[in-house]
2 protein chains.
Amino acid sequence: MGGDFGPRVTVPATVEALERYPGLTIKLVGQTDTFTPYLQDISASVRDRLQPVQADDLIAMDEKPSHALRKGQNSSLSVALQLVADGQANACVSAGNTGALMVIGRHLLRMLEGIDRPAIVTAVPTLEGHCYMLDLGANVDCCAEHLLQFAIMGSVMTQAVDGITAPRVGLLNIGQEAIKGNEQVKLASALIRAHGRLNYIGYVEGDDIFAGKADVVVCDGFVGNIALKSSEGVSRLVASRLRAAFGRTWYRRVLAWLARPVLRELGQQLDPSRRNGASLLGLQGIVVKSHGGADSACFGFAIDEAVAEIKMDVPRRISEQLAASLV
Amino acid sequence: MGGDFGPRVTVPATVEALERYPGLTIKLVGQTDTFTPYLQDISASVRDRLQPVQADDLIAMDEKPSHALRKGQNSSLSVALQLVADGQANACVSAGNTGALMVIGRHLLRMLEGIDRPAIVTAVPTLEGHCYMLDLGANVDCCAEHLLQFAIMGSVMTQAVDGITAPRVGLLNIGQEAIKGNEQVKLASALIRAHGRLNYIGYVEGDDIFAGKADVVVCDGFVGNIALKSSEGVSRLVASRLRAAFGRTWYRRVLAWLARPVLRELGQQLDPSRRNGASLLGLQGIVVKSHGGADSACFGFAIDEAVAEIKMDVPRRISEQLAASLV
């Protein structure tokens, strides 16, 4: 029911995902009568693996998380997360209210041992591959201890998913000198350094994220969200400039036609919606958050992400690494 | 003396600027004997307009601003700013310690009436032209009142420099809904709305900066610096991907050769160093801050910015608009 478009996006994306993954079953949670218009003409194989689950209530995108939590167990978000908590689903994918997803997720799924708050993490492309950046918006006010926990989770996730033995952990700041930054960041830097089991490389700046200086970039959710969305904005700006530059004269348009596989490849790399699907890390279960503005192709990438995390059994791996790192 | 490279960058950049602007005189402040190696073989016309000014001391890039201020009047930064304060220079350009530049600038040049703290502002490219974004790193901890003052200064600057009557002012946040954001941003939003004389359009997100949703984007210096540097990092990443995509096969390399004016144009647009030179707004004088890592071509852009601001008489215009807006 979530996101800017609700079932109009999520239901077609579900149908397409079921076509992509013959072994997948999806429980579609929400006001099931609103799904019907989008379920015409689907194959028997898809219909068998699509299970509508009724949830009478829904949480608005601008609802306060605390209010959403009090609302109780009948919202589509609560029902979906309860399915994961009960082991009836392996992952929950939502384009809904991020704050509510975090608060209800924490309530129903519980946190991993040693972690206070979930963080939103995603892979960010770099010159050398990718890095993981967290938090991207689950926590707008973090203290230094939370940043330390994000560092641990990010490091452990990189070890688990990418198999890097000692991931380089950087703390996002506005300069590399020790005097730079606000008090929270300076304190977090001291805590992360003191932890002893992290490969902490110190402060990284905004441009270092994409230069691949660190495998894990740690920041609070306010800064992380703005850095990520700014980078998406720049990508769109560049894509637009690229089109304009190649459209300016007839000669250039011919070149663009000749170069269309290159330009298509670049266009895809520049399209931030192709990287949709961020994980809510730190919970005892897989929760993937889609952009609220995602269209159905883009929501499909969030489903892909959930499928990949199920296959890799990410929470169990993190929990094992975490147990080892807390010893 | 400032920046990562000191006179090795600033002196050649000065010589080149004097060649570009036949009406310009530059007072080169610092340990003048360190300039000598870079002043060989310069023309008589340049030599006449280049005036070395001795300053025995210098402020390190990692020195605390409070310490830099106590150090007194003999640092190159203090001497240069004092020249502006005394009317012996029309502007000060520095690649030095940002915090020190701000604190000493505030001490020697004084603030404009109604403004508590200087803010770093620069023009950021958008789909529709550019917007002004502030603060970009002068203030890591801002209260809501400071954000209001940034909004006023940014609005007034846009009116003065771009001639826009009612610039759209947006406050950078992690969502557009009223519930989103941290306490400081929510409070600032209420203050800016209550001011009454600003064309406040509400919250803008990271990607909106580059979409051109606002003429002025207001944020604290920590977030602004990270958003701007992230966008620079993405630009470099895209430029690198562009080169890689066009270099992959012989056919593509031939295309790249045919398309080299387009690619050069894009490369220039994507090169963040071409936008070097941010203004310290709110002081009674022109102060332009260069990236610390600037090379001499890039430091030259900061000199260009100072020359442009002198021509437009930016502080006087801002001060007039400010007086009118505070009535």
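Everything numeric in this text was worked out from a predicted model, so none of it was measured. (Residues numbered from 1 in each chain as written. Chains lettered and ligands numbered in written order. Predicted model: local features only at pLDDT ≥ 70, side-chain atom pairs only at ≥ 80, totals over all residues. Heavy atoms only, no water.)

Draft legend 1. Representation of the nonpolar core within the structure. Residues M133(A), L172(A), M133(B), L134(B), L172(B) and V218(B) are the most contacted members of the largest nonpolar core, which totals 152 residues. Contacts of M133(A), omitting those with residues within four sequence positions, involve I120(A), V121(A), T122(A), V124(A), L172(A), I209(A), V217(A), C219(A), G224(A) and A227(A). Counting residues in hydrophobic clusters, the runner-up holds 21 residues, among them V9(B), V15(B), A294(B) and C298(B). (Core = buried A, V, L, I, M, F, W, Y, C linked by side-chain atoms within 4.5 Å. Buried < 20%, exposed > 50% of the residue type's maximum accessible area, 1.4 Å probe, protein only. Contact = heavy atoms within 4.5 Å.)

Draft legend 2. Representation of the relation of the copies chain A and chain B in the model. Mapping chain A onto chain B leaves a residual RMSD of 0.0 Å; the transformation is a rotation of 180 degrees accompanied by 0.0 Å of translation along its axis. What we have between these two chains is a two-fold relation. The share of interface residues of chain A whose copies in chain B are also at the interface is 100%, consistent with both copies meeting through the same surface. (Least-squares fit on C-alpha atoms with pLDDT ≥ 70 in both.)

Draft legend 3. Main features of the side chain of S279(B). Residues and elements named next belong to chain B. As for its placement among the helices and strands, S279 is situated in strand 9 (residues 278-281). By relative accessible area, S279 is classed as buried at 3%. Of the polar contacts made by the side chain of S279, one reaches the side chain of E309; its length is 2.3 Å. Once residues within four sequence positions are removed from consideration, S279 is found in contact with A119, I120, V121, V287, E305 and E309. (Helix = DSSP H or I, 4+ residues; strand = E, 2+ residues; numbered from the N terminus. Polar contact = N/O pair within 3.5 Å; in protein donor to acceptor, adjacent residues only side chain to side chain.)

Draft legend 4. Region of the structure containing the sheet that holds strand 4 (residues 119-126) of chain B. Residue and element names in this part refer to chain B. Strand order in this open sheet of eight strands is 3-10-9-4-5-8-6-7, and the pairing throughout is mixed. The two strands at the open ends of the sheet, each matched to only one other strand, are strand 3 (91-94) and strand 7 (199-204). Averaged over neighbouring strand pairs, the angle between their axes works out to 30 degrees when direction is ignored. Inspection of the sheet shows strand 6 (residues 168-172) paired to strand 8 (residues 216-218) by three bridges, in the parallel sense. Counted as the bridge partner of G170 is V217 from strand 8. (Pairing = 2+ DSSP bridges. Axes fitted to C-alpha atoms, helices over the stretch in contact; angles between N-to-C directions.)

Draft legend 5. Highlighting the interface of chain A and chain B. Tallying the contact residues gives 59 residues for chain A and 59 residues for chain B. Carbon and sulfur atoms supply 70% of the area that chain A and chain B bury against each other, a total of about 5,000 Å² over both sides. For the pair chain A and chain B, the number of links is eight salt bridges. The closest approach of N and O atoms between K229(A) and E205(B), which form a salt bridge, is 2.3 Å. Across the contact surface, chain A and chain B share twelve residue pairs in polar contact (both at pLDDT 80 or more). Listing elements by their share of the side of chain A that touches chain B, those giving two or more residues are strand 4 (119-126), helix 7 (183-195), helix 8 (206-211), helix 9 (221-247), helix 10 (250-258) and helix 11 (260-270) of chain A. Counting residues per element, the side of chain A that touches chain B draws most heavily on helix 9 of chain A, which supplies 20 residues. (Buried area = accessible area lost by both parts, 1.4 Å probe. Salt bridge = Lys/Arg side-chain N within 4 Å of Asp/Glu carboxyl O.)

Draft legend 6. Structural detail: the domain arrangement of chain A. Residues and elements named next belong to chain A. With domains assigned, chain A is organised as domain 1 (7-115 + 282-313) and domain 2 (123-246). For domain 1 versus domain 2, the separation of C-alpha centres amounts to 27 Å. The interface of domain 1 with domain 2 comprises seven residues on the first partner and eight residues on the second. Together domain 1 and domain 2 conceal approximately 600 Å² of surface at their shared face, both sides included; 71% is due to carbon and sulfur atoms. Interface area lost by domain 1 to domain 2 is led by M102, I115 and H291, which between them contribute 61%. Applying the counting criterion to the domain 1 and domain 2 interface returns zero salt bridges. Seen at the junction of domain 1 and domain 2, the total is one residue pair in polar contact (both at pLDDT 80 or more). (Domains from an automatic or database assignment.)

Draft legend 7. Representation of the packing of aromatic side chains in the model. Inspection of every chain in the model, using the stated rule, returns zero aromatic pairs over all chains. When the ring centre of W250(A) is taken as origin, the NZ or CZ atom of R253(A), which lies over that ring, is 4.7 Å away. In this arrangement the basic side chain of R260(B) is found over the ring face of W257(B), its NZ or CZ atom lying 4.3 Å from the centre. (Phe/Tyr/Trp six-rings, centres within 6.5 Å; stacked < 30°, edge-to-face > 60°. Lys NZ or Arg CZ within 6 Å of the ring centre and 35° of its normal.)

Draft legend 8. Local environment of helix 6 (residues 144-162) of chain B. For helix 6 of chain B, spanning 19 residues, the distance from its first C-alpha to its last is 26 Å, which sits close to the expected 27 Å at 1.5 Å a residue. Remark: G163(B) follows helix 6 of chain B within two positions and exhibits a positive phi of approximately 70 degrees. (Expected span 1.5 Å × (residues − 1).)

Draft legend 9. Structural context of the packing of helix 4 (residues 76-85) of chain A against helix 5 (residues 98-109) of chain A. Residue and element names in this part refer to chain A. It is the contact of helix 4 with helix 5, at a shortest axis distance of 9 Å, that shows an interaxial angle of 35 degrees. Like other packed secondary-structure pairs, helix 4 and helix 5 cross with a definite hand, here right-handed. Residues L77, S78, L81, Q82, V84 and A85 of helix 4 form the contact with helix 5, whose own contacting residues are A100, L101, I104, G105, L108 and L109. Its residues assigned to classes, the contact of helix 4 with helix 5 shows nine nonpolar, three polar and no charged. (Left-handed = near helix turned anticlockwise from the far one by under 90°. Nonpolar A, V, L, I, M, F, W, Y, C, P; charged D, E, K, R; others polar.)

Draft legend 10. Highlighting the sheet that holds strand 6 (residues 168-172) of chain A. Spatially, eight strands are ordered 3-10-9-4-5-8-6-7 (chain A) in an open sheet, and the strand pairing comes out mixed. With partners counted over all chains shown, the strands left at the sheet margins are strand 3 (91-94) and strand 7 (199-204) of chain A, one partner each. Each neighbouring strand pair of the sheet contributes to a mean axis angle of 30 degrees, computed without reference to strand direction. For strand 4 of chain A and strand 9 (residues 278-281) of chain A, the ladder comprises three bridges, and the chain directions are antiparallel. Directly across from V121(A), in strand 9 of chain A, lies its bridge partner S279(A). Contacting strand 3, strand 9 and strand 10 (286-289) of chain A, helix 12 (residues 296-312) of chain A crosses the sheet at an angle of about 165 degrees to strand 3 of chain A. Docked against the sheet, helix 9 (residues 221-247) of chain B engages strand 4, strand 5 (129-134) and strand 6 of chain A, running at close to 40 degrees with respect to strand 4 of chain A.

Draft legend 11. Region of the structure containing the pattern of salt bridges. Counted according to the given criterion, the structure contains 18 salt bridges over all chains. Across the pair R248(B) and E265(A) runs a salt bridge whose closest N-O atoms are separated by 2.3 Å. Here the residue R248(B) occupies a position in the loop between helix 9 and helix 10 (250-258), and E265(A) occupies one in helix 11, the pair thus bridging two chains. Between D313(A) and R316(A) there is a salt bridge whose closest N-O contact spans 2.7 Å. Beyond isolated ion pairs, a larger network of salt bridges with shared partners links R248(A), R252(A) and E265(B).

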